[in-house]
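Letter by letter, the chains look like this.
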Amino acid sequence: MTRQWYAGLLIVCLGSLAGCEHRPAPARMDTLAPKHYPQITALEGLDSVVVVNEVVVTQGPPLKVSVSVRNDDDTERSVQYRFFFVDRENLPETSDTDWHFLKLPARTLVYLKGNAIDKKAVDWRLEIRPAR
């Protein structure tokens, strides 16, 4: 092989190294204002079959919440749910909230309950998803 071939190979390799800078893409800003985010969210298609009936909030301290939900379908459904409790600055009391498993019988009302562990909690959110 000739020197010209090696020189060409070296140029290609150096050029490919210069182009290998892979930076992560910056996150986009959410256009949905926090005040418009729903307090109760039914994730991954559950919004078409899980309906909320009544919400009871006991201010405490600590803050306690009971949400009655109904599976508006003819078949039993397994779900998971978790509550988030936040302080006046909208910061969650914990960053790792546990999911709770629940079977929703067909057309039956059940109660999801949660309570804050910190007396500073002033608000809450609930997420419901299909069981995993």
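Here the structure is a predicted model, which is why all the values come from computation and not from measurement.

Colleague: Residue-level account of unusual backbone geometry, with values.
Modeller: In this structure, Pro 61 follows Gly 60 across a cis peptide bond, with omega equal to 15°. Considering the arrangement of structural elements, one finds Pro 61 in the loop between strand 2 (50-58) and strand 3 (64-71). Cis geometry is adopted by the peptide bond preceding Pro 62, which originates at Pro 61 and carries an omega value of -5°. Mapped onto the elements, Pro 62 comes out in the loop between strand 2 and strand 3. Here Glu 44, not a glycine, exhibits a phi torsion of approximately 55°, which is positive. Note on Glu 44: relative accessible area 52%, which makes it exposed.

Colleague: Which residues make up the sheet that holds strand 3, and what values do they have?
Modeller: If you walk across this open sheet you meet the three strands as 2-3-6, and the pairing is antiparallel. Strand pairing shows two members of the sheet lacking a second neighbour, strand 2 and strand 6 (109-115), which therefore form its edges. The average undirected angle you get between the axes of adjacent strands in this sheet is 20°. Sheet topology note: the strand 3/strand 6 ladder contains seven bridges and is antiparallel. Bridge pairing in strand 6 places Val 65 opposite Gly 114.

Quick notes on the rules
Residues numbered from 1 in each chain as written. Predicted model: local features only at pLDDT ≥ 70, side-chain atom pairs only at ≥ 80, totals over all residues. Heavy atoms only, no water. Helix = DSSP H or I, 4+ residues; strand = E, 2+ residues; numbered from the N terminus. Buried < 20%, exposed > 50% of the residue type's maximum accessible area, 1.4 Å probe, protein only. Pairing = 2+ DSSP bridges. Axes fitted to C-alpha atoms, helices over the stretch in contact; angles between N-to-C directions.

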